[in-house]
Amino acid sequence: MPNAKRLKSGAKAEARDKPPTRPTVADLEGESEFAQLAKKHWLKTSKRATKVKVKNDVIKKDIWDVLEKDAFPYKSLLVLEGLQTLESYLWPGYSEDSSNFHVLLIALITNVKARERLETWSIFENRPAEFSSLFTRILSMGLDHTLALTIRTQLLNFMIYAFQSLDWTSVRKECAPLVSIGIWHNLSSETKRETTLGQSTQLRKSWKAAGKRYDSADDTTKARLRFERAWLYTLTLDFIRLLHDVNSTREHVLYCERFVEFTSDLLSQLPTRRYVNTLLQDLHILPALRLSRMFNDEDNALLRDQCALLSHYVHFSIDDQTGAQHSRSEAYDRHCAELAKLQRVALRHFKEKLTVLALSNYGSIDRRNELENLLENLTDDELTRLASLLQLRTVYPESVNVRVDRSFLMEVVLSTFEKRKTFQDVARDLSILPTEESLFDQSLLRTDNYDGSRPLALPKLKLQYLSVGDFLWRSLVLCRCESFYGIRKDISDVLRRLKPEVRRTGETGFSGSSRMALPISRPSILEVVPPLVGDDKPSVVRAEITLDFRRLADRIRREWDSLRPDDVVFLVAVDATAQNALANGSSSNISEAQKLGLITVRTAEVAQILDDKGKSIRDPSAYFSGPNRSPARKMQLRLDPKMYKADMERTSRGKPDVYERINLIIRRSGRENNFKPVLESIRALALSEVPLPSWLHENFLGYGDPAGATYKHLPNRVGKIDFRDTFLDWQHLVESLPGKIVEPGFEVSSSFGPPYVLESLDKTPKETFSKGSKKRRRDAEPAMLAEIETYKVSTYKPPNLGPYPVDAPKLNKVRFTAAQVDAIMSGTQPGLTVIVGPPGTGKTDVATQIINNIYHNFPEQRTLLIAHSNQALNQLFAKIVALDIDERHLLRLGHGEEELDTEGNFSKHGRVESFLEIRDRYLLEVNRLAASMGAPGAHGNSAETAGYFNSVYVQPTWKKFTEVVNDENSSAADIIQAFPFHSFFSDAPQPLFPSEDDRSAVVEVAEGCYRHVSKMFSELQDVQPFEILRRDRDKANYLLTNEARIIAMTSTHAAMRRTEIASLGFHYDNVVMEEAAQITEIENFIPLAMQKPTQGQMALQRVVLCGDHYQNSPVIQSLAFRHYANLEQSLFSRLVRLGIPVITLDQQGRARPSISKLYQWRYPRLGNLPHVESLREFQTANAGFKYDYQFINVPDYKGRGELEPTPHFIQNLGEAEYAVAIYQYMRLLGYPASKISILTPYAGQRALIRDVLGVRCANESIFGMPKIVTTVDKYQGEQNDYIILSLTRTSRVGYLRDIRRLTVALSRARLGLYILGRREVFETCYELQSAFEILFQRPDKLVLSTGEMWPSNRILAEEEGTTAPNEATMEGVEHLGQFVYEMTMSRIKQLRAEQGLPAAEPDDAQLKPIQEADEAQYVGAASDEEDEVQEELPQESGD
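First things first, this report covers the structure right here in the doc. None of the values given here were measured: they were computed from a predicted structure.

Secondary structure summary: the chain contains 57 helices and 31 strands in total. Against the globule reference of 35 Å for 1439 residues, the chain gives a C-alpha radius of gyration of 36 Å, in line with a compact fold. Across its three principal directions, the C-alpha atoms of the chain cover 110 × 85 × 80 Å. Out of the 1439 residues belonging to the chain, those deemed buried represent 56%. Taking all contacts inside the chain whose residues are at least 6 apart in sequence as the whole, residues at least 24 apart take part in 78%. Summing over all exposed atoms, the chain offers an accessible surface of approximately 62100 Å²; the carbon and sulfur share of this is 49%.

Below is the structure:
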């Protein structure tokens, strides 16, 4: 992505003069019409709270008419939303007497908030009666034909948003009656309804209960119930009317698109699907849609794609009442039952004309064309009668204006009885390898320009799922689309950089260059292996290409050499004449692919890489220099067999051979190019029907008792657990269990020290069996298990493990808080544990202790440890290594192990090496032991011989010794004399035994020595398989499946290797997931399903999710997939929304209390650990600064604020200069560079700050570079003592309005936080008020305390409200820059004097603040290659 420094002045001016599509500060603060109206009526400067009085004239004339005149422009609605019109004026002033315009404005602005992903429903929570009134009025107005379709579309949007927010009680209360069983009053006939009710007794009961409720109601309530049960029916009929309206307009199409989205949403969640699906099928919504004029208009491709998605949900193979997903055989049996019904009716009533149909087998009549031919003999009346006998609707109300003619009824019958693909069939046939057709498919291209104004034909990740298979199907579709979006973006970027051109010979050449692509000649096909039995495509297709490295820089050449087997590359055909045709205007319908000159894309996998002589390259570095250096490589590839077969068939029909035209190979960076194994894993899961554990199944889907999966509600709750070193002392134990009774065990009567074994005296819940109902019981309080929990505490003396210091166990030293202990206790028990960890509250320590407790209490169990990033996983793993866990049982999978800062190597290869090292070390010890015992023979030759030595010599010797110990007459001296290993332990700390008069102590030491010896033989026994196995791969797999008990990997690695790991027979009992809120839901799910079920059940016993849904969600690049499809949803955040009980850690130990207040408003119960108030580093001031945190207002610098030289690449030179000046100032005062980080929300600003640092600091030893300059999103999970934060935006808040991102930004600093931004932009933002109100209590100009060096001795508390020593206020960046410049000059002179150098005038050109004319200095500070690897943050809507 290009930096601003490479744009010409014209481009800068263009970026500056581009009219904004979204509100700016001027719109919200200036003299705009709405801003003045807000100041006059609801944003008054008076602090006194006054009751809002809404004037209808203001609503109608000053707001509604202005909006209506311009057709309700979205920017104007955004201005009203930004002016807090809803929360400060419309809703406080709403009553039942409010005008319709008032109601409509509330709906419009609510939709704006939903589209902007802002919190909405909490605004209405305080007035439930008024909200119910408002909701009813919106429902009524949605059916009002006198309203313009544009307005009714907005009201439908409101309902879509409401049904997506059923986790809000107030919203759920209003929505539920609209989709209840009462809507079946609208079925086509009494017979149809009775038949449907007869499917289950529960349905009949529900119907009778609804009838009784209606009969007992008063007239007003009856009217409301009639309206609720008729609302959806009336709305659907109106939709069908609009579909067939001959005078349809664009507004008709937009409304119908939204309605199809609405119905798809209703059918995609069981509580709303249960009765709605029957009604929609009865109304023939799909046949009516397919036969409509609107559907068949070639311009309405989106509507057709939406219809396909709606059809998927209508016919999804699931029991609408119980939620049980049908297997493929069950689905087919149901289909056959429907066909049997058709045959019976045909034989009974139309024997003469439909005898063939009645006697045909199912396979011959479930195809549409065959069935249509058989029905052609029927007259129109007979076809109508057949439909009636099949209980299919044959008439509509006259107002609908739909002709129920022969073609309509034929479509209804055919669509009812035709065989359809199941979602498994669709998933199996879905190609996961992109081609030019799939990359540039219109349905995918449509997502590029998504702004929320129109729906998309995409499934959504929602609060609940129909089944696990439904969730996997949605995830597969969305992840595939997101992957293809990224691939297309990368290929397009490469082609733009390569600049295809037509050469004189007529061939395509490239005048530019890209590090991610190389021109090649056509691939040669080496081998086409015949299909496997039962398949119709080749089993393997191998091709070879030649790569020319001669013109590549060394760094880029190394990158190409780093390609490994199974890496995915793209073979591309580019024809530059397509661009010329576009330039000459030869075609008006040029696709995006043709605009780029792209003709063909084929996906291939690297099989092996050969040198120019055809030898396989194992070590690329050996070919990089020296005699083996070669300018060429031969790369053997595996092509997609299915696509190759299709290509050859196309060629056989006379079409050009696509492989003849391929002239380019494109690669992608490794972290982005793992799409193929991930998609294969998701598809394999979708096809395998892998079950979830029964105790987790309902909660995962979003049904049942929210607390049903927690340990207190499970029958396998462990009654007695050894918490070992969790509690440091008795007082800590009691403090950690507030509100609980702690009783010492029977053998003691007073407090005692650790370790503590806790036994719960509460009754274990009995196992309950679900009745099949999946009704969400949200409002029901879970039954109380006991009034007060009681724990009986006992202890034991830890065994002596040996005489050497290394034998002593490593103990926990963290004094856990009560909330942390609650989380640890829950995580140690079976079941689901969800831990919310605000910044600095010790989530990692809690997760580590849970793993430690499980490891020691359940030695037969294995734990899978998952994290979002390698960095987080390594932090967690490093803490586990520091605990009392045997390193033999630790395994780290994935390449991130290379960054692990521990002494041991915990990768598979490293663990195998470690086992062999252990063997060698212990075999030497065995030889030494044999010598000390006088046992002849080569006992230390192998682990096997050592085992014989143990059984023949050591164990019998110890048995004789135990006889002496068991003799009651033996004294301590006798035991010491009989001890057989004196010589062996002669190198242990002496004396080995205590004073002879303490017999029990002597026995304890002797047993400890034997434990040391036994451990040695035990570990040698574990090593023995590694002596037998010969292949490294077998050793590594044995390690994974048999030896390791704690296996760590990233969520991405789990997704990539799921099939491979499961096929090895890998099994595990527990999953602990760190950073769970940052992991996409499918990557949350895959670690739960990485083993094969046993007898149809998963062995999983525990799932522990640690995260913070108030911080950043998973990063999804495309706005369409992130916002519309909700692909950014994590399982963690969804479980929180569902009301699953969570444990929230409530004391932070990272930041000063004053800094933590900036984000404590997000966590109402968040307090501070004692050390952040008592330790001196938190009490002393930051040297050179008056305040420990400060917001610094940065006005336009040289007449400029923010710039956007390319879309979504936002920069602010003034803030970049200011940030670097603060950094320079801190370095001059002695602050270590490693303690300073510079953050910004935008990748463009990060690049600019790096450039300024590169020019100003990188080559100056007195400054150097800070620890890191990165984006806020990349820095989640990290911290530093001092943070400089550049907010960048000066026109509007941007996506920092997402308070999750702001929470991350404000919570990274421990001791100092200095925020650079534009005050007027942020102080009026409603969502951010809580934080910025605190920030703006201090001056918005940087206040220094000059004349001191780091570290300071000033105490902050003593200076509160007073003037700091040598206080100086910086008026702006130029002032600070001059101040830093003078300090720098002084410092340089001082250093030269100290070194005895002459006081020569230094070249200070690079030390002064950069002038406007000096911006050329940034050119070359970063290369094009660095631009290319800039990671992108999620795009903003409308940016």
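On we go.
A few words on the environment of Ile682. By the element assignment, Ile682 lies in helix α32 (residues 675–688). Under the relative-accessibility criterion, Ile682 is labelled buried at 0%. In sequence terms Ile682 and Leu283 are 399 residues apart; their C-alpha atoms lie 35 Å from each other. When near neighbours in sequence (up to four residues on either side) are disregarded, Ile682 contacts Leu472, Ser475, Leu476, Cys479, Ile1082 and Ile1086.

Right, let's talk about the environment of Glu436 for a bit. Relative to the assigned elements, Glu436 resides in helix α25 (residues 436–439). With relative accessibility at 16%, the residue Glu436 sits in the buried group. Spatially, the C-alpha atom of Glu436 lies 8.9 Å from that of Arg488, the residues being 52 residues apart in sequence. If sequence neighbours within four positions are ignored, Glu436 has contacts with Leu598, Ile599, Thr600, Val601 and Arg602. Engagement of the side chain of Glu436 in a polar contact is seen with the backbone nitrogen of Val601, the distance being 3.0 Å.

A complete count under the given rule lists 59 aromatic pairs for this structure. Relative to Phe72, the ring of Trp64 has its centre 4.9 Å away and its plane inclined at 65 degrees; by these criteria the two rings are edge-to-face. Per residue, the accessibility class of Trp64 equals that of Phe72, and both read buried. Ring plane angle 40 degrees and centroid distance 6.0 Å describe the contact between Tyr804 and Phe985, whose orientation is recorded as tilted. One end of the pair, Tyr804, is in the loop between β13 (790–794) and α35 (818–828); the other, Phe985, is in the loop between α40 (972–978) and α41 (999–1028), and 181 residues separate them in sequence. Through pairs of rings, three or more aromatic residues link up here, namely Tyr804, Trp958, Phe961, Phe979, Phe981, Phe984, Phe985, Phe993 and Tyr1010. Cation over ring: Arg152 sits above Tyr255, and NZ or CZ is 5.2 Å from the ring centre. Across from the ring centre of Tyr214, 5.5 Å away, lies the NZ or CZ of Lys222, which sits over that ring.

It is worth spelling out unusual backbone geometry at this point. Each neighbour pair has its own omega, and for Pro754 with Pro755 the value is 5 degrees, a cis peptide bond. Looking at where Pro755 falls in the secondary structure, it is placed in the loop between β11 (741–744) and β12 (757–760). In the segment running from Trp1350 into Pro1351, the intervening peptide bond is cis, with an omega of 0 degrees. Secondary-structure assignment places Pro1351 in the loop between β30 (1343–1345) and α55 (1356–1359). Here the phi dihedral of Asn1366 falls at roughly 50 degrees; this positive angle occurs in a residue that is not glycine. Among the secondary structure elements, Asn1366 is positioned in the loop between α55 and β31 (1367–1369).

The biggest cluster of nonpolar side chains holds 233 residues, and the ones touching the most others in it are Phe262, Leu375, Leu832 and Phe1085. For this core, the element with the most residues is helix α27 (residues 468–498), which contributes 16 residues. Not counting the four nearest positions on each side in its chain, Leu832 is found in contact with Trp695, Leu696, Ala709, Thr710, Val1103, Leu1105, Leu1135 and Ile1140.

Moving on: the pattern of salt bridges. Taken as a whole and assessed by the stated rule, the structure comprises 91 salt bridges. In this structure, the salt-bridge partner of Asp238 is Arg241, at a minimum N-O distance of 2.6 Å. Here Asp238 and its partner Arg241 are both found in helix α13 (residues 219–243), three residues apart, which amounts to about one turn of the helix. Across this residue pair, the class does not change: Asp238 and Arg241 are buried. Glu680 is paired through a salt bridge with Lys676; the nearest N and O atoms lie 2.8 Å apart. In this pair, Glu680 and Lys676 both sit in helix α32, four residues apart, roughly one turn of the helix. Looking at Glu680, the relative accessible area reads 32%, which means it is partly exposed.

This part is about the sheet that holds strand β28 (residues 1280–1286). The sheet built from five strands is open, its strands ordered β23-β29-β28-β26-β27 with parallel pairing. The open sheet is flanked by β23 (1189–1193) and β27 (1268–1271), the only strands paired with a single partner. In this sheet, adjacent strand axes meet at a mean angle of 20 degrees when their direction is disregarded. Pairing of β28 with strand β29 (residues 1309–1317) involves six bridges; the strand directions are parallel. Paired with Ile1283 across the strands is Leu1313, a residue of β29.

Okay, the pairing of β28 next. Here β28 lies mainly inside the structure; seven of its seven residues are buried. With four bridges joining them, strand β26 (residues 1236–1240) and β28 adopt parallel strand pairing. Note that in β28 the partner of Ile1238 across the bridge is Ile1284. Following the backbone out of β28, through helix α52 (residues 1299–1306) and into the adjacent parallel β29, one traces a crossover that is right-handed.

In terms of burial, strand β17 (residues 1046–1050) is largely enclosed, as five of its five residues are buried. Side-chain alternation along β17 places Ile1046, Ala1048 and Thr1050 on one buried face and Ile1047 and Met1049 on a second face that is also buried. Pairing analysis gives five bridges linking strand β15 (residues 863–867) to β17, with the strands arranged parallel. In the sheet register, Leu865 faces β17, and the bridge partner there is Ala1048. When strand β16 (residues 890–892) meets β17, the two strands line up parallel, connected through three bridges. In the sheet register, Leu891 faces β17, and the bridge partner there is Ile1047.

Let us look at the sheet that holds strand β20 (residues 1143–1144). One open sheet accounts for seven strands, arranged β16-β17-β15-β18-β19-β14-β20; its pairing is parallel. The open sheet has two edge strands with one neighbour each: β16 and β20. As paired strands, strand β14 (residues 831–836) and β20 are joined by two bridges and run parallel to one another. Of the residues in β20, the one forming a bridge with Val836 is Thr1144.

The next subject is the side chain of His102. By the element assignment, His102 lies in helix α7 (residues 100–115). Judged by its relative accessible area of 1%, His102 is buried. At 3.4 Å, the side chain of His102 and the side chain of Ser98 are in polar contact. Beyond its immediate chain neighbours, meaning those up to four positions away, His102 contacts Val54, Ile59, Leu90, Gly93 and Tyr94.

Here we take up the packing of α32 against helix α43 (residues 1051–1063). Two quantities define a packed helix pair, namely the angle between the axes and the distance from one axis to the other. Where α32 meets α43, the axes come as close as 8 Å, and the angle between the chain directions of the two elements is 55 degrees. In terms of orientation, α32 lies oblique with respect to α43. Classified by chirality, the crossing of α43 by α32 is left-handed. On the side of α32, the interface is formed by Pro677, Val678, Ser681, Ala684 and Leu685, while α43 contributes Ala1055, Met1056, Arg1058 and Thr1059. Looking at the contact of α32 with α43, its residues break down into six nonpolar, two polar and one charged.

Parameters and conventions
- Residues numbered from 1 in each chain as written.
- Predicted model: local features only at pLDDT ≥ 70, side-chain atom pairs only at ≥ 80, totals over all residues.
- Heavy atoms only, no water.
- Helix = DSSP H or I, 4+ residues; strand = E, 2+ residues; numbered from the N terminus.
- Rg over C-alpha atoms; globule rule 2.2 N^0.38 Å.
- Buried < 20%, exposed > 50% of the residue type's maximum accessible area, 1.4 Å probe, protein only.
- Contact = heavy atoms within 4.5 Å.
- Areas by Shrake-Rupley, 256 points an atom, 1.4 Å probe, with all protein chains shown as cover.
- Polar contact = N/O pair within 3.5 Å; in protein donor to acceptor, adjacent residues only side chain to side chain.
- Phe/Tyr/Trp six-rings, centres within 6.5 Å; stacked < 30°, edge-to-face > 60°.
- Lys NZ or Arg CZ within 6 Å of the ring centre and 35° of its normal.
- Core = buried A, V, L, I, M, F, W, Y, C linked by side-chain atoms within 4.5 Å.
- Salt bridge = Lys/Arg side-chain N within 4 Å of Asp/Glu carboxyl O.
- Pairing = 2+ DSSP bridges.
- Axes fitted to C-alpha atoms, helices over the stretch in contact; angles between N-to-C directions.
- Right-handed = clockwise from strand over helix to strand, strands pointing away.
- Parallel < 35°, antiparallel > 145°, perpendicular 65-115°, else oblique.
- Left-handed = near helix turned anticlockwise from the far one by under 90°.
- Nonpolar A, V, L, I, M, F, W, Y, C, P; charged D, E, K, R; others polar.

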